[in-house]
Protein chains: 2
Amino acid sequence: MKLIPFITAASAIAIVSLVHAQQVRNEPVKIIEPYVSDTPEKVELGKQLFFDPRLSMSGIISCNTCHNLSYGGTDNLKTSIGHKWQAGPVNSPTVLNSSLQIAQFWDGRASNLEEQAAGPIAADVEMALPHTLAVSVIQSIPGYVDQVQKIYGDDQVTLDHITDAIAEFERTLVTPNAPFDQWLMGDDDAISATALAGYDLFKNAGCIACHYGEALGGKSFMKMGLVAPYESDSPAQGRFDVTGQEMDRFMFKVPTLRNVTLTQPYFHDGAAETLEEATQVMGQLQLGRDFTEQELTQLVAFMETLTGDRLQMMLPILPENGPETPAPSPFE
Amino acid sequence: MKLIPFITAASAIAIVSLVHAQQVRNEPVKIIEPYVSDTPEKVELGKQLFFDPRLSMSGIISCNTCHNLSYGGTDNLKTSIGHKWQAGPVNSPTVLNSSLQIAQFWDGRASNLEEQAAGPIAADVEMALPHTLAVSVIQSIPGYVDQVQKIYGDDQVTLDHITDAIAEFERTLVTPNAPFDQWLMGDDDAISATALAGYDLFKNAGCIACHYGEALGGKSFMKMGLVAPYESDSPAQGRFDVTGQEMDRFMFKVPTLRNVTLTQPYFHDGAAETLEEATQVMGQLQLGRDFTEQELTQLVAFMETLTGDRLQMMLPILPENGPETPAPSPFE
C-alpha cells in the first residue's frame with residue numbers, strides 16, 4: 001500500500017484499520033489477538049508464582065502441574081490429581097485463552113481470573129495451602145517482597161497481590177495465529193477443504209450456537225444433555241452447585257475449542273478420550289443428531305485447525321527462600 | 001595485553017591460556033566451566049523428555065518434578081514424593097552439576113547420567129512407568145520419533161535414545177560463575193572477609209578432604225558417621241545396598257556443595273533443615289569437633305558463595321500425542 005505523502009498519522013491509522021477490517025472474514029468465530037501487558041513486571045511476578053510449588057502445602061504442586069504450559073495448559077487427566085494424590089471432582093480446564101471467557105471454572109463460580117487463582121491454592125484436593133499460610137510463605141521470600149514493593153508499593157504481601165499478578169500473567173496465555181485464524185485473515189490455503197467443510201457443518205449443525213467468538217466457547221452456560229440426558233458418575237452438577245436453583249442443574253460453562261487437540265480428555269468429567277468421541281456425544285446429546293463418519297472426519301479436521309502458536313517463554317527463575325520460609329508439609 | 005604484531009595464532013592462544021592459568025588461584029576447589037554441547041539437537045530432545053510427564057504412569061510426574069530447574073534442581077523435600085504420593089527412601093539429590101560427579105545416586109549405583117536417567121522412570125515409588133511402556137509412549141509421539149530419527153538415524157525409539165538425550169541435556173545443567181568462582185579467577189572483592197575466613201576454616205578443619213574439586217563433592221564415597229555414629233530412621237545403608245559388603249555400610253557419595261543455599265533439606269535422609277544444622281552435624285560426626293557460632297557463621301558465609309548462575313532456558317514445548325499415545329493411568 002502506498003501512502004500519499006501529505007496523509008496525517010491519524011488518517012493513516014484509520015486507513016490501516018479499514019484494510020485490516022476488510023481482510024478479516026465476517027464469521028461467528030473471531031481471531032485471537034496477542035495480549036500486550038502494560039505491566040510486564042506484574043506478568044513476570046505472576047509467572048514465577050504460577051510455577052512456584054511453594055504455593056502448595058506439599059511443596060511439589062504448582063499451578064503449572066495441572067495447567068502444563070509446555071503442553072495444552074491442562075494435565076490431560078480425566079480429573080486432576082492434587083494434594084496426597086486425591087482425585088479432583090472435575091476435569092482441569094485449560095488455562096490457555098481463559099481470559100477470553102465470561103467466568104472461570106466449569107460452574108463459573110469465579111467471575112474473573114483473579115478470583116479463580118485463589119481457589120486451587122487453598123482447595124484441600126488441589127494445593128491445600130490455606131490463604132493465610134500462602135501469604136506468609138510469599139512474604140517470607142525476599143525476592144517476592146521486593147517485586148510486590150516495586151509493583152504495588154506495599155511492603156506487606158496480600159492474597160490480592162498474588163492473584164492479581166497470576167491473573168495478569170494468565171492474560172498473556174492466549175494462542176493466536178492458528179491455521180483457522182490465518183484463514184479468517186484471508187489466507188484460503190491455511191486450512192484444507194475437509195476442514196472448511198467441517199467448519200460449514202459446524203455452523204449448519206448448530207455447534208456454533210455455543211462454540212462461537214474468539215475462544216469458540218467460554219461465553220455462555222449450557223445444559224449438558226440438552227436433548228438427551230448425559231450419564232456420568234461425576235458428582236458435579238454445574239451452576240446448580242453455585243446457585244442451588246433447579247434451572248441451573250447440569251448447566252456448565254461451554255468449554256473453549258481452542259487447542260482442543262492438546263486438551264484431551266474432554267467434558268467436565270473427562271469421560272470422552274478422543275475428539276471423535278466427544279464430537280459424536282455432543283451431536284447426540286445437544287443437537288439430537290448422529291454425525292456420519294464423514295461428518296465426524298470433517299468436524300475433527302476443522303477443530304484441528306484451532307491449535308494456535310505454542311507458548312514461547314523463558315523458564316522462570318524462582319526467588320530463594322528466606323530464613324523464615326517454612327519447610328513444605330507433604331503429609332499434612 | 002598488547003600482542004606483538006608478528007605473533008602467530010597458535011602462540012597467541014598459548015599466551016592467552018598461560019595468562020588464564022595464572023589468573024586462576026591454585027586451590028583444591030576448582031572453577032566450573034560452562035558446558036557447550038556439540039549436539040544441541042540432542043540437548044533439546046533431552047530437555048523435552050526431562051520436562052515430559054508422559055514418562056510417568058500417572059501423566060503428572062516429570063524429571064523436573066523432583067529436580068526443579070526453576071529452583072535448585074531438587075524438590076526441597078525431606079524425601080521425594082512419587083507415584084500415588086509414595087515417599088521415596090532418600091532425599092532427591094540436585095541434578096545441577098551432576099555431570100561433574102563420579103557416579104549417580106546417593107549410593108552410586110549408576111555409574112553415569114545415562115544409567116541414572118533410566119532409574120526413576122521405572123521405579124515404583126517415583127514415575128512408575130515400566131521401560132517397555134516408556135519406550136512405546138515415546139514411540140507413539142510423532143514429534144519424538146522425528147527427532148530420534150534425525151539424531152540417531154533410527155526409526156525405532158529405544159530406552160538408550162531416551163537416556164542418552166536426557167544425559168546430554170543434564171550435562172548442560174552446570175552453574176558457573178558463582179561468587180567463589182569469581183574469587184578463584186582473581187577477583188578479591190567477589191566474596192566477603194567472613195566468607196574467606198570460612199573458606200580457610202573449611203580447608204583447615206578438613207571439610208575439604210571430601211568436598212573438593214569443581215563440585216565440592218561428588219568425587220568420592222565416605223562413611224556417614226566417621227567418628228561418631230549417625231542416627232537416622234532412614235532404611236538407606238549407602239554403598240552396602242549395592243555391594244552387600246560390610247565395609248560399604250553407610251558409605252554415601254559425598255554430596256556437592258554447589259548451590260547448597262537452594263537444595264535444603266540436607267543429607268541422604270533430608271534430616272538437616274538448615275545449612276547451620278548440617279554443618280554442625282558434619283563437624284561432630286565426620287571431624288569430631290564442635291564448631292563455634294562464629295565458625296558456623298563463617299562456614300555458612302563461605303558456602304553461600306557457591307551459588308552459581310541460575311539456569312536460563314526456554315520452557316520446552318512438548319510434541320503432541322499421536323493417535324496411539326495411551327492415556328495416563330494415575331491410579332494403576
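Each remark here, short or long, concerns the structure printed above.
A brief look at the structure comes next. Keep in mind the model is a prediction, meaning the values are calculated, not measured.

**A short note on the overall build of chain A**
- Looking only at helices and strands, one finds twelve helices and two strands in chain A.
- Seen through its C-alpha atoms, chain A measures out along the principal axes to roughly 65 × 60 × 35 Å.
- For chain A, the proportion of its 332 residues judged to be buried stands at 55%.
- Contacts in chain A between residues far apart in sequence, at least 24 positions, make up 70% of those at least 6 positions apart.
- For chain A, the accessible surface area stands at approximately 14600 Å², while carbon and sulfur atoms represent 56% of it.
- Across chain A, the centroid of the 20 positively charged side chains sits 4 Å from that of the 42 negatively charged ones.

**A short note on the relation of the copies chain B and chain A**
- By a simple turn and slide, chain B fits onto chain A: the slide is 0.0 Å along the axis, the RMSD is 0.0 Å, and the turn is 180°. Seen this way, the second copy is the image of the first under a two-fold rotation axis.
- When the interface residues of chain B are mapped onto chain A, 100% of them again fall at the interface, so both copies present the same face.

**Brief notes about the nonpolar core**
- If you look at the biggest cluster of nonpolar residues, it comprises 83 residues, and the most contacted ones within it are L49 and L69 of chain A together with L49, L55, L69 and I162 of chain B.
- Setting aside its immediate chain neighbours within four residues, I162 of chain B contacts L49, L55, I121, A134, V135, I138 and V157 of chain B.

**A look at the environment of K78 of chain A**
Residues and elements named next belong to chain A.
- Among the secondary structure elements, K78 is positioned in the loop between α3 (63-66) and α4 (113-122).
- Given the relative accessible area of 47%, K78 is considered partly exposed.
- Distance in space between the C-alpha atoms of K78 and R171 is 25 Å, their sequence separation being 93 residues.

**Some points on the interface of chain B and chain A**
- Listed per partner, the contact involves 41 residues of chain B and 41 residues of chain A.
- For the pair chain B and chain A, the summed buried surface comes to about 3400 Å²; carbon and sulfur atoms form 67% of the total.
- Contact with chain A buries area across many residues of chain B, yet I60, W85 and L315 of chain B alone supply 24% of it, more than any other trio.
- For the pair chain B and chain A, the interface holds zero salt bridges.
- Put simply, chain B and chain A have twelve residue pairs in polar contact (both at pLDDT 80 or more) between them.
- Taken together, the residues that form the side of chain B that touches chain A break down as 23 nonpolar, twelve polar and six charged.

**Focus on a negative patch on the surface**
- On the surface, E276, E293 and E304 of chain A together with E320 of chain B cluster together to form a negatively charged patch.
- Assignment of secondary structure puts E320 of chain B in the segment after α12 (293-303).

**Digging into the packing of aromatic side chains**
- Scanning all chains against the criterion turns up 20 aromatic pairs over all chains.
- Centre to centre, the rings of W183 of chain A and Y199 of chain A are 5.8 Å apart; their planes meet at 70°, and the pair counts as edge-to-face. Here W183 of chain A, found in helix α8 (residues 179-184), pairs with Y199 of chain A, found in helix α9 (residues 193-205); they are 16 residues apart in sequence, far enough to count as distant.
- Exposure remark for W183 of chain A: the relative accessible area of 7% places this residue in the buried category.
- For Y199 of chain A, a relative accessible area of 0% corresponds to the buried category.
- Between the aromatic rings of W106 of chain B and F252 of chain B, the centroid separation amounts to 6.4 Å while the plane-to-plane angle is 80°, which identifies the pairing as edge-to-face. Here F252 of chain B lies in strand β2 (residues 251-253) and W106 of chain B lies in the loop between α3 (63-66) and α4 (113-122), a separation of 146 residues in the sequence. No difference in accessibility class separates W106 of chain B from F252 of chain B, as the two residues are buried.
- In this structure an aromatic cluster arises from ring pairing among F180, W183, Y199, F202 and F302 of chain A.
- In this structure, R239 of chain A is placed above the aromatic ring of F221 of chain A, and the distance from its NZ or CZ to the ring centre is 4.7 Å.
- When the ring centre of W183 of chain B is taken as origin, the NZ or CZ atom of R25 of chain B, which lies over that ring, is 4.1 Å away.

Reading guide: rules and limits
- Residues numbered from 1 in each chain as written.
- Chains lettered and ligands numbered in written order.
- Predicted model: local features only at pLDDT ≥ 70, side-chain atom pairs only at ≥ 80, totals over all residues.
- Heavy atoms only, no water.
- Helix = DSSP H or I, 4+ residues; strand = E, 2+ residues; numbered from the N terminus.
- Buried < 20%, exposed > 50% of the residue type's maximum accessible area, 1.4 Å probe, protein only.
- Contact = heavy atoms within 4.5 Å.
- Areas by Shrake-Rupley, 256 points an atom, 1.4 Å probe, with all protein chains shown as cover.
- Lys, Arg positive; Asp, Glu negative; His and termini not counted.
- Charge placed at Lys NZ, Arg CZ, Asp CG, Glu CD.
- Least-squares fit on C-alpha atoms with pLDDT ≥ 70 in both.
- Core = buried A, V, L, I, M, F, W, Y, C linked by side-chain atoms within 4.5 Å.
- Buried area = accessible area lost by both parts, 1.4 Å probe.
- Salt bridge = Lys/Arg side-chain N within 4 Å of Asp/Glu carboxyl O.
- Polar contact = N/O pair within 3.5 Å; in protein donor to acceptor, adjacent residues only side chain to side chain.
- Nonpolar A, V, L, I, M, F, W, Y, C, P; charged D, E, K, R; others polar.
- Patch = residues over 30% accessible without salt bridge, like charges linked within 9 Å, V, L, I, M, F, W, Y side chains within 5 Å.
- Phe/Tyr/Trp six-rings, centres within 6.5 Å; stacked < 30°, edge-to-face > 60°.
- Lys NZ or Arg CZ within 6 Å of the ring centre and 35° of its normal.

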